[in-house]
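# Reading the structure
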Amino acid sequence: MCGNPALDFAATLRARRTARFEMFATPDRLDAWYLESGIVDAVSPARPADVERATTVREAVYQLITARRRGADFDEEALAVVNDAARRAPAAPQLTHAGRWTSATQREALSTVARHAVELLSGPDVPLLKECGNPECTRISIDRSRGSRRQWCGMESCGNKIKAAAYRARRKTATVATG
Ligand SMILES: [Zn+2]
C-alpha cells in the first residue's frame, strides 16, 4: 500500500505487463482489501457481482491514470464508470464511544475509492504519477523525489528486489570473467 487508496486500488492487478496477477480472485479478497486499505472498518460481504463492478471501476481508474501519465485525453467510457461510482453515497465515518467507526456497503466502499481517484486525477500530483519500472510490479506511485527521477515505485520490497537481481547479475558476470 502506498497510501493513496486510488493508486493502491489500481495496483490490485499486479504485473500488468507480464503475468497479470489478480488480487481480487475471490469476493472475500475484495472485502479484505477494503479493510486493509483503511477505507472502512467493516464492509458487507462481497458477492461476485460486486467483484465485477469493483474490477471494472479499477480498470477505468487505471486507464484514466495512464491517460494522464501520457498526456492523453481521458477515455469517455472510463470517465463514466468512475464518475458513476463516485456519484453514489460514500462510506460514512461515525463517531462512537470507542472512536471512529466506518461501516459500509460494497457500493459505499467503492464510491469512496472512486472519489479518491477523482481527487487524485484533478489534483496537483498528476505530473508526479509514475509507473514502476519493475515488470512484476507496474504499481503507479507519486514520485516526490527531487527531479522526479525515481525508477521504482518506492515500495521497499520492489526497489530492493531489482537491486538484488542487478547485483546477482553483476556478480555472475564477474565470476564468468574471472573464472
Ligand atoms: Zn514497484
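Throughout what follows, the structure given in this document is the object of discussion. (Residues numbered from 1 in each chain as written. Predicted model: local features only at pLDDT ≥ 70, side-chain atom pairs only at ≥ 80, totals over all residues. Heavy atoms only, no water.)

## Here's the deal with the overall build of the chain
The secondary structure content of the chain amounts to six helices and seven strands. When its helices and strands are written in sequence order, the chain yields α-β-β-α-β-α-α-β-β-α-β-β-α. Taking all 179 residues of the chain together, the buried fraction comes to 39%. Once local pairs closer than 6 in sequence are excluded, the contacts in the chain between residues at least 24 apart make up 54%. (Helix = DSSP H or I, 4+ residues; strand = E, 2+ residues; numbered from the N terminus. Buried < 20%, exposed > 50% of the residue type's maximum accessible area, 1.4 Å probe, protein only. Contact = heavy atoms within 4.5 Å.)

## Some points on the sheet that holds strand S5 (residues 99–104)
Sheet architecture is open: three strands sit in the order S3-S5-S4, paired in mixed fashion. Two strands lie at the open edges of the sheet, namely strand S3 (42–43) and strand S4 (93–96), each paired on one side alone. Pairing of S3 with S5 involves two bridges; the strand directions are parallel. Looking at the pairing, alanine 42 lines up with serine 103 of S5. Taken strand by strand, helix H5 (residues 106–121) contacts S3 and S5, and its axis lies near 110° from that of S5. (Pairing = 2+ DSSP bridges. Axes fitted to C-alpha atoms, helices over the stretch in contact; angles between N-to-C directions.)

## Structural notes on helix H2 (residues 27–36)
Buried within H2 are the following residues: Leu30, Asp31, Ala32, Trp33 and Tyr34. Buried residues along H2 sit against helix H1 (5–10), S3, helix H3 (48–69) and H5. With its phi angle positive at about 85°, glycine 38 sits one or two positions after the end of H2.

## Side note on the packing of H3 against H5
The contact between H3 and H5 brings their axes to 11 Å, and the two run at 0°. By the angle between their axes, H3 is roughly parallel relative to H5. Along its contact with H3, which presents Asp50, Arg53, Ala54, Val57, Val61, Leu64, Ile65 and Arg68, the element H5 presents Gln106, Arg107, Leu110, Ala117 and Leu121. For the contact of H3 with H5, the residue count by class is eight nonpolar, one polar and four charged. (Parallel < 35°, antiparallel > 145°, perpendicular 65-115°, else oblique. Nonpolar A, V, L, I, M, F, W, Y, C, P; charged D, E, K, R; others polar.)

## Some remarks on the packing of aromatic side chains
This model, assessed by the stated rule, comprises four aromatic pairs. Their ring planes at 65° and their centres at 5.8 Å tell us that tryptophan 33 and tyrosine 34 sit as a pair that is edge-to-face. In this structure, tryptophan 33 and tyrosine 34 share a single accessibility class: buried. Taken together, the ring pairs in this structure connect Phe9, Phe24, Trp33 and Tyr34 into an aromatic cluster. Positioned over the ring face of tyrosine 62 is arginine 16, at 3.6 Å from the centre of the ring. (Phe/Tyr/Trp six-rings, centres within 6.5 Å; stacked < 30°, edge-to-face > 60°. Lys NZ or Arg CZ within 6 Å of the ring centre and 35° of its normal.)

Remember that the coordinates give geometry; whether it matters functionally is a separate question.
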